[in-house]
Amino acid sequence: RQAIMFEDSIKFGTTDNTHIKFQQYAEIWLKDYAEVELAPKTVCDYKHLMPAINAEIGYLYLDKITPTHLIRLRDKLSQTQKETRYTVRENLKQMLKACGLRTYVALQKASGLCEEIIHRAAVGEQLTEATATKIADAMQMSLEDVFDIHEGKTRMNTTVQHYMRLISSMFTTAVQRKYLTDNPASRVGLPKMDSAEQIVLTLEEAQTMLELLEQEPIHHRTAITVLLLTGMRREEVMGLRWRHLDF
């Protein structure tokens, strides 16, 4: 009932019913703001971050959350191990044919997962146990037969920054729409960036790779050439669609 009252206050521009728990506000924010204003991949990323956030502050009322709560959340995220992750062991399309599903669309319907998640699985991105289980169940196979398992490690500071920026964005929206008068996340510092040595190809190595690619299938040649010439990340290249290209 609180969530319905809060959503009504959003629609009709009132702020009388904003005493709502953070987890309920997060659901409304994702539906009414993120899914409308942000790219599908960004929304998908945010949905993956929400369980860990809700576990710490989801039970708190939105208007009662203070910088102290968020500092504790930040420190807890820094100290906690990431969940075990799963990546597809081999060509997903071939496995689908072997189990009778045949297409990504069929897998999407059988698993109840969105197109973006199925795409991530197909290109080898890491998945949560819950997502991997849905895919394996839809294929009527065991987790071990479909996925390689990667044990969890402590979150990097860069990852914790992603969590904190999401929280700040959510509170910024609440302030802009006059549900709150202040963003408590604005007074919480971010952890320092992780320092890691970058490994880059020399000009000669890049040229050699381009020459070797001439013998490879065009989709491999195209993807790696785009990576080399633009500096894009792998997931950005894999997420490209024709509508993203400006001729």
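For the structure, check the block above.
In short, a report on the structure. (Residues numbered from 1 in each chain as written. Predicted model: local features only at pLDDT ≥ 70, side-chain atom pairs only at ≥ 80, totals over all residues. Heavy atoms only, no water.)

**Description of the pattern of salt bridges**
Move 1: If you walk through the whole model with that rule in mind, you get 10 salt bridges.
Move 2: Glu 56 serves as the salt-bridge partner of Lys 76, at 3.0 Å between the closest nitrogen and oxygen. With Lys 76 in helix H4 (residues 67-79) and Glu 56 in helix H3 (residues 40-57), this residue pair connects regions lying 20 residues apart in the sequence.
Move 3: Its relative accessible area of 37% is what places Lys 76 among the partly exposed residues.
Move 4: Residue classification places Glu 56 among the partly exposed residues on the basis of a relative accessible area of 27%.
Move 5: Its salt-bridge partner being Arg 120, residue Glu 125 comes within 3.9 Å of it at the nearest N-O pair.
Move 6: Given a relative accessible area of 16%, Glu 125 falls into the buried group.
Move 7: Here the residues in one salt-bridge network are Lys 41, Asp 45, Glu 116, Arg 120 and Glu 125, joined through shared partners. (Salt bridge = Lys/Arg side-chain N within 4 Å of Asp/Glu carboxyl O. Helix = DSSP H or I, 4+ residues; strand = E, 2+ residues; numbered from the N terminus. Buried < 20%, exposed > 50% of the residue type's maximum accessible area, 1.4 Å probe, protein only.)

**Quick word on the side chain of Thr 87**
Move 1: For Thr 87, the position within the fold is in strand S1 (residues 85-88).
Move 2: Given the relative accessible area of 10%, Thr 87 is considered buried.
Move 3: Within the structure, Thr 87 has its side chain in polar contact with the side chain of His 150 (distance 2.8 Å). (Polar contact = N/O pair within 3.5 Å; in protein donor to acceptor, adjacent residues only side chain to side chain.)

**Focus on the environment of Gln 23**
Move 1: Structurally, the position occupied by Gln 23 is in helix H2 (residues 22-37).
Move 2: By relative accessible area, which is 36% here, Gln 23 ends up partly exposed.
Move 3: Sequence-wise, Gln 23 and Arg 233 are 210 residues apart; in three dimensions their C-alpha atoms are separated by 32 Å.

**With respect to the state of the cysteines**
Move 1: Summed over all chains, the structure comprises 0 disulfides.
Move 2: With no disulfide of its own, Cys 99 lies 19 Å from the sulfur of Cys 114, the closest cysteine sulfur.
Move 3: Look at Cys 99 and you get partly exposed, because its relative accessible area is 27%.
Move 4: Counting only cysteine sulfurs, Cys 44 is the nearest neighbor of Cys 114, a cysteine outside any disulfide, at a range of 4.3 Å.
Move 5: By relative accessible area, Cys 114 is classed as partly exposed at 37%. (Disulfide = S-S within 2.5 Å.)

**Looking at the packing of H3 against helix H7 (residues 115-122)**
Move 1: At their nearest, the axes of H3 and H7 sit 10 Å apart, and the two run at 85° to each other. Between H3 and H7, the crossing angle belongs to the class labelled roughly perpendicular. Here Lys 41, Cys 44, Asp 45 and His 48 of H3 lie close against H7, whose contacting residues are Glu 116, Ile 117 and Arg 120.
Move 2: Taken together, the residues of the contact of H3 with H7 break down into 2 nonpolar, 1 polar and 4 charged. (Axes fitted to C-alpha atoms, helices over the stretch in contact; angles between N-to-C directions. Parallel < 35°, antiparallel > 145°, perpendicular 65-115°, else oblique. Contact = heavy atoms within 4.5 Å. Nonpolar A, V, L, I, M, F, W, Y, C, P; charged D, E, K, R; others polar.)

**A few points about the packing of H2 against H3**
Move 1: The interhelical angle for the contact between H2 and H3, taken along N-to-C directions, is 165°, at an axis separation of 10 Å. Here H3 runs roughly antiparallel to H2, going by the angle between their axes. In this structure, H2 crosses over H3, and the sense of that crossing is right-handed. For the pair H2 and H3, contact is made by Phe 22, Gln 23, Ala 26, Trp 29, Leu 30, Ala 34 and Glu 35 and by Val 43, Tyr 46, Lys 47, Met 50, Ile 53, Asn 54 and Ile 57, respectively.
Move 2: Considered class by class, the residues forming the contact of H2 with H3 number 10 nonpolar, 2 polar and 2 charged. (Left-handed = near helix turned anticlockwise from the far one by under 90°.)

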